[in-house]
Amino acid sequence: MKNDTMKIQVSRNGPYIVTGGVPLMVMEISNDDEGYCRSWRKVQEYPLQEQYALCRCGHSKNKPFCDGTHAKIRFDGTETAGDEPYLQSPAIIRGSELELADYEGLCAHARFCLRAGGIWDLTRRSDIPDARDTAIDEACNCPSGRLVLRDRKTGETIEPVLERSVVVIENPARGEHGPLWVRGGVPVVSADGKPYTVRNRVTLCGCGRSRNKPFCDGSHVEK
Ligand code: FES
């Protein structure tokens, strides 16, 4: 049953205030033998708390939690995602079985989409069962919801079943940390009180550098 009190409130130039007892855990991306991102592995689960504050500036010494550093560094957390116009105009790739909506600006660089020729080519070849299945696997592992598949026969969107939770993403093979993966449709509300579109998968910026705050735009991988 859904807990309807779960919410993530963006605070102005400060942390994400998570309320309603949202489970919090750390998950690592595991690679296959060829180095492709392949699966998720839970490496830590925090004790359940009714409310907690997650660092949004990237400078806390107690990550993933806020330790107040954002005030000392005068973090500018201005939200720039606006009314999310990119959700209205994804690139569309069609195969005979699947249709892929690609919201490129939401890419969190988890890189599950690159295996076996990449999800774009797999979608075009989705008349082949193996290609179809791999495309679905790749889309369902995309944490940010950049990649969303639709079954062209049924017209239904193909979404993974995700426990309502926040996951701190780690990619040890590449030495990358972040972003925060919000799963299962936990609502995110701007500092101005405006609710963002509720989606099954979104990633929130945890490094403070995204140009699409509060969402991740992959800036954490830029050196
Ligand atoms: S948002 Fe508070 S320390 Fe980063």
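Computed from a predicted structure; not experimentally measured. (Residues numbered from 1 in each chain as written. Predicted model: local features only at pLDDT ≥ 70, side-chain atom pairs only at ≥ 80, totals over all residues. Heavy atoms only, no water.)

Asks: What exactly am I supposed to notice about the nonpolar core here?
Replies: By size, the foremost hydrophobic cluster in this structure holds 30 residues, and its most contacted members are Ile8, Leu54 and Val166. Every element with two or more residues in this core is listed here: β1 (7–10), β2 (16–19), β3 (24–31), β5 (51–54), β10 (165–171), β11 (176–183) and β13 (201–204). Residues from two domains meet in this core; each of domain 1 (7–82 + 162–221) and domain 2 (85–158) gives at least three. Discounting residues that sit within four places of it in the chain, Leu54 has contacts with Pro15, Tyr16, Val18, Leu24, Pro64, Phe65, Cys66, Val166 and Leu180. Core analysis: the second largest hydrophobic core is formed by 15 residues, Leu122, Ala131, Cys140 and Leu147 among them. (Core = buried A, V, L, I, M, F, W, Y, C linked by side-chain atoms within 4.5 Å. Buried < 20%, exposed > 50% of the residue type's maximum accessible area, 1.4 Å probe, protein only. Helix = DSSP H or I, 4+ residues; strand = E, 2+ residues; numbered from the N terminus. Domains from an automatic or database assignment. Contact = heavy atoms within 4.5 Å.)

Asks: Even after reading the chapter, I still don't get empty space enclosed by the protein, so can you show me in this structure?
Replies: Rolled over the atoms, a probe sized like a water molecule indicates the empty space that remains. This structure, assessed with the given rule, holds three cavities of 30 Å³ or more. Size it by volume and the largest cavity reaches roughly 60 Å³. Considering the residues around the largest cavity, the lining is formed by Glu84, Tyr86, Leu87, Leu106, Ser144, Arg199, Val202, Thr203, Phe215 and Cys216. Here the lining of the largest cavity spans two domains, and each of domain 1 (7–82 + 162–221) and domain 2 (85–158) adds at least three residues to it. In this structure, the second largest cavity encloses a volume near 50 Å³. Ile29, Ala108, His109, Ala110, Pro143, Ile169, Asn171, Glu176, Gly178, Pro179 and His220 are the residues that line the second largest cavity. Taken together, the elements giving at least two residues each to the lining of the second largest cavity come down to β10 and β11. Considering only residue class, the lining of the second largest cavity consists of six nonpolar, four polar and one charged. Two domains share the lining of the second largest cavity, each providing at least three of its residues, namely domain 1 (7–82 + 162–221) and domain 2 (85–158). (1 Å grid on protein atoms, 1.4 Å probe; cavity = no way out; pocket = protein on both sides within 12 Å on 5 of 7 lines; lining within 4 Å. Points joined across faces, edges and corners; volume = space filled by probe spheres on them. Nonpolar A, V, L, I, M, F, W, Y, C, P; charged D, E, K, R; others polar.)

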